[in-house]
Amino acid sequence: MSSSNKYIFSGYDFGGYAITYDLHTHTTYSHGIGSIEDNVSAAVKAGLSKIAITDHGPGHLTYGIDRKAVPNMRKDVEEAQLRHSEIEVLLGVEANIGLKGNHLDVSKEEISAYDFIIAGYHYGILHGNCVPNWINHHVAGGYCKKLLMKKNTDMTVAALHENNISILTHPGDKGPFDMRELARACAETDTLMEVSTWHSHLTLSELVICREYDVKFIVSSDAHMPARVGDAGKAIERLFAAGIEPERVVNIVKK
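Residues numbered from 1 in each chain as written. Predicted model: local features only at pLDDT ≥ 70, side-chain atom pairs only at ≥ 80, totals over all residues. Heavy atoms only, no water.

### Digging into the overall build of the protein chain
At step 1: Regarding its fold elements, the protein chain presents 7 helices and 9 strands.
At step 2: Whereas a compact globule of 255 residues would reach a radius of gyration of roughly 18 Å, the protein chain reaches 18 Å, a difference of no more than 12%.
At step 3: Along the longest, intermediate and shortest principal axes, the C-alpha atoms of the protein chain span 45 × 45 × 30 Å.
At step 4: Counting across all 255 residues of the protein chain, residues that qualify as buried make up 53%.
At step 5: Residue pairs at least 24 apart in sequence account for 75% of intrachain contacts in the protein chain once pairs closer than 6 positions are excluded.
At step 6: Summing over all exposed atoms, the protein chain offers an accessible surface of approximately 11400 Å²; the carbon and sulfur share of this is 55%.
At step 7: Of note, the protein chain has its 25 positive side-chain charges centred 5 Å away from the centre of its 32 negative side-chain charges. (Helix = DSSP H or I, 4+ residues; strand = E, 2+ residues; numbered from the N terminus. Rg over C-alpha atoms; globule rule 2.2 N^0.38 Å. Buried < 20%, exposed > 50% of the residue type's maximum accessible area, 1.4 Å probe, protein only. Contact = heavy atoms within 4.5 Å. Areas by Shrake-Rupley, 256 points an atom, 1.4 Å probe, with all protein chains shown as cover. Lys, Arg positive; Asp, Glu negative; His and termini not counted. Charge placed at Lys NZ, Arg CZ, Asp CG, Glu CD.)

What follows is the structure in structure tokens.
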């Protein structure tokens, strides 16, 4: 795509758009404060057509899901679906990107337990450059930044190419990444790039970079409490500010 600024101009209003479905929400199965039923009820109240429960993958050291709990999660999702026929309820997982195996903390054999996979980079996983990334961000800005950027980018690109990932969550968060390489890989693998209201990434400047590539975007709440399910206004505003056309965002509609 062209890097032209033709879509950035005064008067174009993303405020007239609303989120239609939310595919990134958390519950008490990881570190949210509501149940699956709570999130689904909130989505119904918000008028959404679809909601996904996507708790953190099992490799996270402090708030990853318990692998043994996945059948119970599926049961909760199915029961919520029976109670709320007006909305589609899905079970996904926000896998953690890392350096080992298939570069996710959900193995290829485990993927079939979910309706789809989303994935992002987080602190708190083994074999994921977590300590140097944390130091770079919190203590010494620029610490090994060039090397970290290559390592972070390479493992994320590998995860995208080795797995069927539907959404790359909050790309650019918690470490330096080459956004051009991430956008190129998402275009090659038909992976949506998330714009979240829980994280600042994708930032405005990152979105301007990513818009040059043939990628589509999705807005999400990344809700950790039921009251935030469907909250995507700030994400939509950020997309507008970066000059992303509405048709490139898969889950917004004109009000």
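After that view of the structure, there is still more to cover.
### A word on the sheet that holds strand S5 (residues 116–120)
At step 1: Here 7 strands make up an open sheet; going across it, the order is S2-S3-S4-S5-S6-S7-S8 and the pairing parallel. Looking at the sheet topology across the chains shown, the edges are occupied by strand S2 (21–22) and strand S8 (217–220).
At step 2: Sheet topology note: the strand S7 (residues 192–196)/S8 ladder contains 4 bridges and is parallel. Bridging across to S8, Val 195 finds its partner in Val 219.
At step 3: Lying over the sheet, helix H2 (residues 70–83) contacts strand S3 (50–56) and strand S4 (88–96), oriented at roughly 150 degrees with respect to S4. (Pairing = 2+ DSSP bridges. Axes fitted to C-alpha atoms, helices over the stretch in contact; angles between N-to-C directions.)

### Looking at the packing of aromatic side chains
At step 1: Across all of its chains, the model carries 1 aromatic pair by this definition.
At step 2: Geometrically, the ring pair formed by Tyr 121 and Phe 177 is edge-to-face, given 5.9 Å between the ring centres and 65 degrees between the ring planes. One end of the pair, Tyr 121, is in the loop between S5 and helix H3 (130–138); the other, Phe 177, is in the loop between strand S6 (167–168) and helix H5 (179–189), and 56 residues separate them in sequence.
At step 3: The buried category is assigned to Tyr 121, whose relative accessible area is 4%.
At step 4: Since its relative accessible area comes to 9%, Phe 177 is described here as buried.
At step 5: The aromatic ring of Tyr 21 is capped on one face by Lys 50, whose charged end is 4.6 Å from the ring centroid.
At step 6: We note Lys 174 situated over the ring of Tyr 123; from NZ or CZ to the ring centre the distance is 5.9 Å. (Phe/Tyr/Trp six-rings, centres within 6.5 Å; stacked < 30°, edge-to-face > 60°. Lys NZ or Arg CZ within 6 Å of the ring centre and 35° of its normal.)

### Details of the pattern of salt bridges
At step 1: A full pass over the atoms with the stated rule returns 11 salt bridges.
At step 2: With its nearest N and O atoms 3.3 Å apart, the salt bridge here joins Arg 74 to Asp 115. Highlighted residues: Arg 74 in helix H2 and Asp 115 in the loop between S4 and S5, separated in sequence by 41 residues.
At step 3: The partner of Asp 173 in a salt bridge is Lys 174, with the nearest N and O atoms 2.7 Å apart. (Salt bridge = Lys/Arg side-chain N within 4 Å of Asp/Glu carboxyl O.)

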